Amino acid sequence: MKLYSGPLSMFGAKAEIAAHEKGIPVEVVMVPFEMTTLYQPKHPEVLRVNPKRQVPVLVDGDLAIFDSTQIFEYLETIRPAPALWPAEPKQKARARLLELKSDEVYFPHIIRLMGLQATPEEPAAVEARRAATAYYDEMERILGDQPYLAGDFSYADIAFYMAQLFGARLTAPMTEAHPRLMAWRDRMSARPAVARVAGAMGRYLLGQGRPLPPFLATLAQ
Ligand SMILES: N[C@@H](CCC(=O)N[C@@H](CS)C(=O)NCC(=O)O)C(=O)O
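Residues numbered from 1 in each chain as written. Predicted model: local features only at pLDDT ≥ 70, side-chain atom pairs only at ≥ 80, totals over all residues. Heavy atoms only, no water.

**Some points on the overall build of the protein**
Along the backbone of the protein there are 9 helices and 4 strands. The order of helices and strands in the protein, counted from the N terminus, is β-α-β-α-β-β-α-α-α-α-α-α-α. Over its C-alpha atoms the protein spans a radius of gyration of 17 Å, differing by no more than 12% from the 17 Å that the globule rule assigns to 221 residues. Projected onto the principal axes, the alpha-carbon positions of the protein cover approximately 50 × 45 × 35 Å. Relative to its 221 residues, the protein shows a buried fraction of 51%. Total accessible area on the protein stands at roughly 10500 Å², and carbon and sulfur atoms take up 57% of it. Of note, the protein has its 25 positive side-chain charges centred 1 Å away from the centre of its 25 negative side-chain charges. (Helix = DSSP H or I, 4+ residues; strand = E, 2+ residues; numbered from the N terminus. Rg over C-alpha atoms; globule rule 2.2 N^0.38 Å. Buried < 20%, exposed > 50% of the residue type's maximum accessible area, 1.4 Å probe, protein only. Areas by Shrake-Rupley, 256 points an atom, 1.4 Å probe, with all protein chains shown as cover. Lys, Arg positive; Asp, Glu negative; His and termini not counted. Charge placed at Lys NZ, Arg CZ, Asp CG, Glu CD.)

**Section: the environment of Glu16**
Mapped onto the elements, Glu16 comes out in helix H1 (residues 10-22). Overall, the relative accessible area of 12% leaves Glu16 in the buried class.

**Observations regarding the site of the ligand**
In the vicinity of the ligand, the contacting residues are Ser9, Met10, Phe11, Tyr39, Lys42, Gln54, Val55, Pro56, Asp67 and Ser68. With respect to the ligand, the side chain of Lys42 contributes an N or O atom lying 2.4 Å from an oxygen atom. The side chain of Ser68 places a nitrogen or oxygen atom 2.6 Å from an oxygen atom of the ligand. About the coverage of the ligand: the protein hides 75% of its 520 Å² of free accessible area. In terms of residue class, the shell around the ligand is made up of 5 nonpolar, 3 polar and 2 charged. (Near = heavy atom within 4 Å. Polar contact = N/O pair within 3.5 Å; in protein donor to acceptor, adjacent residues only side chain to side chain. Nonpolar A, V, L, I, M, F, W, Y, C, P; charged D, E, K, R; others polar.)

**A few points about the nonpolar core**
Considering soluble globular proteins, one finds that nonpolar side chains tend to be buried as a cluster. Ranked by size, the top nonpolar core spans 65 residues in total, and within it Ile110, Phe160, Tyr161, Met162, Leu165 and Trp184 carry the most contacts. Counting only elements with at least two residues in this core, the list comes to H1, helix H3 (68-78), helix H4 (89-113), helix H5 (123-143), helix H6 (155-169), helix H7 (179-189), helix H8 (192-207) and helix H9 (214-220). Mapping this core onto the domain boundaries places at least three of its residues in each of domain 1 (2-78) and domain 2 (89-220). Excluding its chain neighbours within four sequence positions, the residues that come into contact with Phe160 are Ser102, Tyr106, Tyr135, Tyr136, Met139, Leu149, Met174, Leu181 and Trp184. Val31, Val46, Val49 and Val59 belong to the second-largest nonpolar core, a separate cluster that totals 8 residues. (Core = buried A, V, L, I, M, F, W, Y, C linked by side-chain atoms within 4.5 Å. Domains from an automatic or database assignment. Contact = heavy atoms within 4.5 Å.)

**Some remarks on the UniProt feature "domain: GST N-terminal" (unreviewed entry) in the protein**
According to UniProt, the positions carrying the feature "domain: GST N-terminal" (unreviewed entry) are residues 1-83. Taken end to end, residues 1-83 has its terminal C-alpha atoms 20 Å apart, with 36% of it in helix and 19% in strand. (UniProt positions renumbered as here; feature names shortened; annotations may be inferred.)

**Quick word on the sheet that holds strand E3 (residues 57-60)**
Sheet architecture is open: 4 strands sit in the order E2-E1-E3-E4, paired in mixed fashion. Each end of this open sheet is capped by a strand with a single partner; those strands are strand E2 (27-30) and strand E4 (63-66). Taking the axes of each pair of neighbouring strands and ignoring which way they run, one obtains an average angle of 20° across the sheet. Looking at chain direction, strand E1 (residues 2-5) and E2 are connected through 4 bridges and run parallel. Its bridge partner lying in E2, Leu3 is registered against Val28. Set on the sheet, H1 makes contact with E1 and E2; between it and E1 the angle comes to about 155°. Each of E1, E3 and E4 touches H3; the most contacted strand, E4, lies at about 135° to it. (Pairing = 2+ DSSP bridges. Axes fitted to C-alpha atoms, helices over the stretch in contact; angles between N-to-C directions.)

**Quick notes on the domain arrangement of the protein**
The assigned domain composition of the protein is domain 1 (2-78) and domain 2 (89-220). Between domain 1 and domain 2, the residue contacts involve 21 residues of the former and 22 residues of the latter. Summing both partners gives a buried area of about 2000 Å² for domain 1 against domain 2, and 70% of it is carried by carbon and sulfur. Among the residues domain 1 hides against domain 2, the three largest losses belong to Met10, Ile17 and Met35. Together they make up 32% of the total. Joining domain 1 to domain 2, the criterion identifies 4 salt bridges. For the pair domain 1 and domain 2, the number of links is 7 residue pairs in polar contact (both at pLDDT 80 or more). (Buried area = accessible area lost by both parts, 1.4 Å probe. Salt bridge = Lys/Arg side-chain N within 4 Å of Asp/Glu carboxyl O.)

Following this line, the structure appears as structure tokens:
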């Protein structure tokens with residue numbers, strides 16, 4: 001099984017963490033990526049498989065799929081244990097929604113901060129940080145006294161961990177104002193699959209001379 005990803009792809013990292021958590025052997029192929037030119041030129045396998053021309057792409061024999069959430073579903077189907085969705089239907093639906101919201105509600109606020117790090121007082125940056133903080137408020141409430149967002153460790157945690165990593169890099173870090181989330185992040189960082197993938201991303205950033213948020217600096221050692 002080959003996973004086409006990028007050294008700074010949060011969506012590729014989601015898929016890679018899930019494969020490691022499941023114990024599924026996967027060959028990770030890092031497509032061409034530069035901080036300035038980003039994903040140009042596109043890798044031929046990415047162009048062949050994904051009409052959206054994005055990573056991650058997963059190729060397993062004659063199967064070729066794209067999108068991190070679709071890859072989660074395939075991994076869950078071929079390797080049901082350890083289960084990374086809750087079994088109870090309503091809890092499963094909640095976990096799936098949290099995974100979606102992480103990618104499509106929270107992360108777009110963080111994307112908006114790209115390129116605004118030097119001008120943090122610009123209204124667009126202020127608004128993006130306000131929205132990220134409101135999202136942390138909501139996740140702090142949802143987490144409550146549970147160890148993970150949907151109770152047991154799930155894909156929802158993988159998605160939000162990777163998304164908040166970019167939030168922390170791009171001037172919208174979680175802080176001690178959200179103590180349950182901070183403890184959740186420590187629990188996540190202690191998982192070998194998470195530490196392996198996030199640590200490699202941290203080392204890539206260090207190699208590019210980029211600063212790391214403290215939790216990522218620890219993982220990158
Ligand atoms: N919804 C997709 C998003 C994939 C995505 O945005 N990939 C980014 C890298 S993290 C990419 O390939 N960007 C290059 C481009 O759009 O040209 C998923 O979950 O996989």
